[in-house]
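# Structural characterization, general
The lines below spell out each chain.
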Number of protein chains: 2
Amino acid sequence: MVKIAVLGFGVVGSGVVELIDINHDKIARSAGEEVYVKYILDIRDFKDNPYENRFVKDFAEIEKDPEVSIVVETIGGARVAYDFTKRSLMAGKSVVTSNKELVSEHGCELLEIAAQHNVSYLFEASVGGGVPILRPIISCLSADEIEEVYGIVNGTTNYILTSMIKDGVSFDDALKDAQRKGYAEHDPSADIDGIDTCRKMCILADLSFGKNIAPASVPTQGISGVDGLDVAYAQKASANIKLIGRTVKLPNGKIISYVAPHVLLKDNLLANVDGVFNGVVVRGNATGETMYYGKGAGKLPTAAAVVSDVIESAKCKCGSNLISWDMAGDEITGEVNDLSDRWYIRAEIDADEASVTFGDIEVLGSDGQGTAFITREMTGYECAEKLENINAFAVYRVLGNNA
Amino acid sequence: MVKIAVLGFGVVGSGVVELIDINHDKIARSAGEEVYVKYILDIRDFKDNPYENRFVKDFAEIEKDPEVSIVVETIGGARVAYDFTKRSLMAGKSVVTSNKELVSEHGCELLEIAAQHNVSYLFEASVGGGVPILRPIISCLSADEIEEVYGIVNGTTNYILTSMIKDGVSFDDALKDAQRKGYAEHDPSADIDGIDTCRKMCILADLSFGKNIAPASVPTQGISGVDGLDVAYAQKASANIKLIGRTVKLPNGKIISYVAPHVLLKDNLLANVDGVFNGVVVRGNATGETMYYGKGAGKLPTAAAVVSDVIESAKCKCGSNLISWDMAGDEITGEVNDLSDRWYIRAEIDADEASVTFGDIEVLGSDGQGTAFITREMTGYECAEKLENINAFAVYRVLGNNA
């Protein structure tokens, strides 16, 4: 029997406890032994909860109990969670988490501490919720040089953009609707401004390239500036606007990471990842493109990813899981503007002028304000140079080939 | 340094040797040590090959060399490959393979032998080529009770069906084109008749449910009977005909597995998996549906999956990987006809008669021969009963909801 402690009894923590109950037999079969929740740490009281007698308020009780071999951290944030994670690892306990903030900010250090103490630090649930994506990168694409990873990894913004596309509503109305339905927080900024996407994208980049990419170093643009007009113009090219976190390794070894809305043409694998679903594309030099899709959030899907890590940790009797990445110097960071793509532009310019300036373009339409069009492939620098004396309302990179 | 032997120097075997050369550093980093090909077994001569001095013709040389800890079997078939795999495992060497025939026929026994000798038997490349699918099921969905797995897992038939859909050509012409382009064998029966799909589906079922599903027990229908007329009628419902291998676990524990052409409505996750690509959907009771997509075949994608298993095996210092399934009795096998779905039917009947017989239907069109329509959900028994006195040209299950 493997005894675990769950830190935090919120949505994910209570989901973990519930799932270990519901799928008890399957989990025991997968782990090779029973998984038993010995403690639940929470500062709140849970009277009449069936697990009432397992709640504790003092982390030291868990820390000092040698019977607890795995700690599940679902507290969130990077303060208390950081302290408890570090102390757990140093006490020789493996830690499993869904905490993308902590992993993206301190993963490199925590993995090192885990390795020193011959235990695991695992975080499949931190990206893509229930969608298996980290372990496929780590263990299934372990023979590939990863060249690019990009994805829709935030359900809230994808729900809002999908409403704008399907119902033709404005950003503000779509946000209000998402808040009413519980898909967006009262303070939605971490989602809307792309911060959550940025953290998840950093974790994907860390694991794909073996180098630490700090969230603070990643240019991040959210979706609050996305105009319904651009959503409608994109639709004329059968394309959808999606918030994408993307990280690319150039042949010279430089890594470019950024978060921004993109125009996805209909042949792109993520063009129809709608609503609260997530999708991630990984391109390896041997395997080519593979895609992973499913529910990016929710109590049980996220809990399932956490418990799969508990099982992995329980099975790994001989120490740590060999996941790690190096602290990287600035020299590995490439310039986003060096990256070549096609561009969606809506600017105060007529179609003929746009043609003269940008060469071969696909015009999506014109109105009183100007013209919307898609350009040929060019770097961000080249695009910015051409737009220097033009008033542009929207400039997005385009992914896909069909338009 | 981990020393390996590669059995068979065909497409996959030579791809493995090539990939270990191309991605040497990344593979060493992933495995924690260098991976070195010490022997290549092949009955043919390869003069002037850069690996010329590593070729051997006698398997006993590999079997007796204690330095070889991992054997890569890419011979194919279930005779010589079975013998060499068994002997390798019994000599204390882990075995990695892409051989779906051998795994689907003898995987249960070979995994048992591997466990007895504390080594691994791994076969990620046997299903979906480069698409990570087995390890996600085994280790990422290890906390889920799997309820259903279905997929497009044969690139040849999918290429042929995609040609029929996109170019409006007949099955015979599409097959000839696929043969010309090297996507179909001179004797294409293992693909066309669904045998390859059946083997892969059995491996997915074995791992998902922990019970051995023998290929011979699985009702298997190929694509040679798919008529261009049905492809065209399906298109009227924005639907595509695809060859699907499917395995479902009913709430009563019975497992239903079969291979057949299906009509996939456009909201189904696999409806647009085209050409030689593969896609697999897994439904777990906690995670819900996840989907995996990528190149299902090809030298380097398949080699990448094989080498990722070599790396996994090299990292697993403390014995076998705990994958196993039980030999199952007949009592777990459910009747395909018990499974409820909507149905695509083209039969010698007019639309009014079809309505009277089948109730609420969606008519896709009529011609001199009869009518094509999609029914409400019903079991295979109910569908067969209604068709008892009707001459039906095509009867396919429908997946998806949008029509």
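Residues numbered from 1 in each chain as written. Chains lettered and ligands numbered in written order. Predicted model: local features only at pLDDT ≥ 70, side-chain atom pairs only at ≥ 80, totals over all residues.

Before going further, it helps to examine the overall build of chain A. A count of helices and strands for chain A gives 14 helices and 16 strands. The globule rule puts the C-alpha radius of gyration for 403 residues at 22 Å, and the 23 Å found for chain A is close to it. By residue count, 53% of the 403 residues in chain A fall in the buried class. Considering only contacts within chain A whose residues lie at least 6 apart along the sequence, 73% involve residues at least 24 apart. (Helix = DSSP H or I, 4+ residues; strand = E, 2+ residues; numbered from the N terminus. Rg over C-alpha atoms; globule rule 2.2 N^0.38 Å. Buried ≥ 20, exposed ≤ 12 C-beta atoms within 10 Å, placed from the backbone. Contact = placed C-beta atoms within 7 Å.)

Right, let's talk about the relation of the copies chain A and chain B for a bit. For the pair of chain copies, the relating transformation is a rotation about an axis with a translation along it. For the pair chain A and chain B, the best superposition has an RMSD of 0.0 Å and corresponds to a rotation of 180° with a translation of 0.0 Å parallel to the axis. Taken together, the rotation angle and the small translation identify this as a two-fold axis. Taking C-alpha positions as reference, the residue of chain A nearest the rotation axis is A:Tyr292, located at 2.5 Å. Comparing interface residues between copies, 100% of those in chain A also sit at the interface in chain B, which points to an isologous, same-surface contact. (Least-squares fit on C-alpha atoms with pLDDT ≥ 70 in both.)

The next subject is the sheet that holds strand β1 (residues 2-7) of chain A. Residues and elements named next belong to chain A. If you trace the 6 strands from one edge of the open sheet to the other, you get β3-β2-β1-β4-β5-β6, paired in parallel fashion. The open sheet has two edge strands with one neighbour each: β3 (55-56) and β6 (121-122). In terms of strand pairing, strand β2 (residues 35-41) meets β3 through 2 bridges, oriented parallel. What sits directly across from Ile-40, in β3, is Phe-55. (Pairing = 2+ DSSP bridges.)

To continue, consider the interface of chain A and chain B. In many analyses, interface size is given as the accessible surface area lost on bringing the parts together. Contacts between the two partners involve 45 residues from chain A and, on the opposite side, 45 residues from chain B. With 9 residues, helix α12 (residues 299-315) of chain A is the single largest residue contributor to the side of chain A that touches chain B. Its residues placed into classes, the side of chain A that touches chain B shows 21 nonpolar, 13 polar and 11 charged. In this structure, strand β11 (residues 288-295) of chain A lies alongside strand β11 (residues 288-295) of chain B, joined through 3 bridges in antiparallel fashion. Looking at the pairing, A:Tyr292 lines up with B:Tyr292 of β11(B). (Nonpolar A, V, L, I, M, F, W, Y, C, P; charged D, E, K, R; others polar.)

Residues and elements named next belong to chain A. The terminal C-alpha atoms of helix α5 (residues 100-116), which comprises 17 residues, lie 22 Å apart, in line with the 24 Å expected from a rise of 1.5 Å per residue. Buried within α5 we find Lys-100, Leu-102, Val-103, Ser-104, Gly-107, Leu-110, Leu-111 and Ala-114. For α5, the elements touching its buried residues are α4 (80-90), β5 (94-97), β6 and α10 (195-209). Immediately beyond the C-terminal end of α5, within one or two residues, lies Asn-118, with a positive phi of roughly 60°. (Expected span 1.5 Å × (residues − 1).)

Here we come to the sheet that holds strand β3 (residues 55-56) of chain B. Pairing between sheet strands relies on hydrogen bonds along the backbone, with the strands arranged either parallel or antiparallel. The strand order across the open sheet built from 6 strands is β3-β2-β1-β4-β5-β6 (chain B), with neighbouring strands paired in parallel fashion. Two strands bound the open sheet, and with one partner strand each, they are β3 and β6 (121-122) of chain B.

With that settled, consider the packing of α5(A) against α10(A). Each packed pair of helices is defined by two parameters, the angle between the axes and the distance between the axes. All names here are of chain A. Relative to each other, α5 and α10 sit at 50°, their axes nearing to 9 Å. By the criterion of interaxial angle, the relationship of α5 to α10 is oblique. Crossing geometry of α5 relative to α10 is assigned as left-handed. For the pair formed by α5 and α10, the contact residues are Lys-100, Glu-101, Val-103, Ser-104 and Gly-107 on the first element and Arg-199, Lys-200, Cys-202, Ile-203 and Asp-206 on the second. (Axes fitted to C-alpha atoms, helices over the stretch in contact; angles between N-to-C directions. Parallel < 35°, antiparallel > 145°, perpendicular 65-115°, else oblique. Left-handed = near helix turned anticlockwise from the far one by under 90°.)

A separate point is the pairing of strand β4 (residues 68-73) of chain B. Residues and elements named next belong to chain B. By the criterion of burial, β4 is predominantly enclosed, with 5 of the 6 residues buried. Where strand β1 (residues 2-7) meets β4, 5 bridges bridge the pair, whose relative direction is parallel. Looking across to β4, one finds that Ile-4 is bridged to Ile-70. Of the strand pairs in this sheet, β4 and strand β5 (residues 94-97) are connected by 4 bridges, and their pairing is parallel. Within β5, the position partnered with Val-71 by the bridge is Val-95.

A few words on the nonpolar core. One finds A:Val72, A:Val307, B:Val72 and B:Val307 to be the most contacted residues of the largest nonpolar core, which totals 255 residues. Sequence-distant contacts of A:Val307, that is, excluding residues within four places in its chain, are made with A:Val16, A:Leu19, A:Ile20, A:Ile27 and B:Ala143. (Core = buried A, V, L, I, M, F, W, Y, C linked by C-beta atoms within 7 Å.)

Taken domain by domain, chain A comprises domain 1 (2-129 + 299-315), domain 2 (134-294) and domain 3 (340-399). In this structure, domain 1 of chain A and domain 3 of chain A have C-alpha centres spaced 49 Å apart. (Domains from an automatic or database assignment.)

Residue and element names in this part refer to chain A. Of note, Phe-393 is situated in strand β16 (residues 392-399). Judged by C-beta crowding, with 15 C-beta atoms within 10 Å, Phe-393 ranks as partly exposed. Taking the C-alpha atoms as reference, Phe-393 lies 9.5 Å from Ala-372; in sequence the two are 21 residues apart. Setting aside residues up to four positions removed in sequence, Phe-393 forms contacts with Asp-227, Arg-346, Ala-347, Gln-369 and Gly-370.

Residue and element names in this part refer to chain B. Interaxial distance between helix α4 (residues 80-90) and helix α5 (residues 100-116) falls to 10 Å at its minimum, and their mutual angle equals 15°. As judged from the angle between their axes, α4 and α5 are roughly parallel. The handedness of the crossing between α4 and α5 is right-handed. Contacts from Ala-81, Tyr-82, Thr-85, Lys-86, Leu-89 and Met-90 of α4 reach α5 at Leu-102, His-106, Leu-110, Ile-113 and Ala-114. A breakdown of the residues in the contact of α4 with α5 according to their chemical character gives 8 nonpolar, 2 polar and 1 charged.

With that settled, the discussion passes to the confidence of the model for chain A. Per-residue pLDDT for chain A has a mean of 94; in total, 98% of the residues score no lower than 70. Overall fold confidence for the complex sits at a pTM of 0.95, while the interface term, ipTM, reaches 0.94. (pLDDT = per-residue confidence, 0-100.)

To continue, consider the environment of B:Cys202. Residues and elements named next belong to chain B. By the element assignment, Cys-202 lies in helix α10 (residues 195-209). You can call Cys-202 buried: it has 27 C-beta atoms within 10 Å. Note: C-alpha distance between Cys-202 and Ile-152 (50 residues apart in sequence) is 13 Å. Those residues in contact with Cys-202 that sit more than four places away from it in its chain are Ser-104, Ile-213, Pro-215 and Val-218.

Despite not being glycine, A:Ser238 shows a phi value in the positive range, around 55°. Given 14 C-beta atoms within a 10 Å radius, A:Ser238 is considered partly exposed. In this structure, B:Asn118 takes a positive phi of about 60° despite not being glycine. In this structure, B:Asn118 sits in the loop between α5 and β6.

Residue and element names in this part refer to chain A. Looking at where Tyr-39 falls in the secondary structure, it is placed in strand β2. Taking the C-alpha atoms as reference, Tyr-39 lies 4.9 Å from Arg-54; in sequence the two are 15 residues apart. Beyond its immediate chain neighbours, meaning those up to four positions away, Tyr-39 contacts Ala-5, Arg-54, Val-56, Glu-61, Ile-62 and Val-68.

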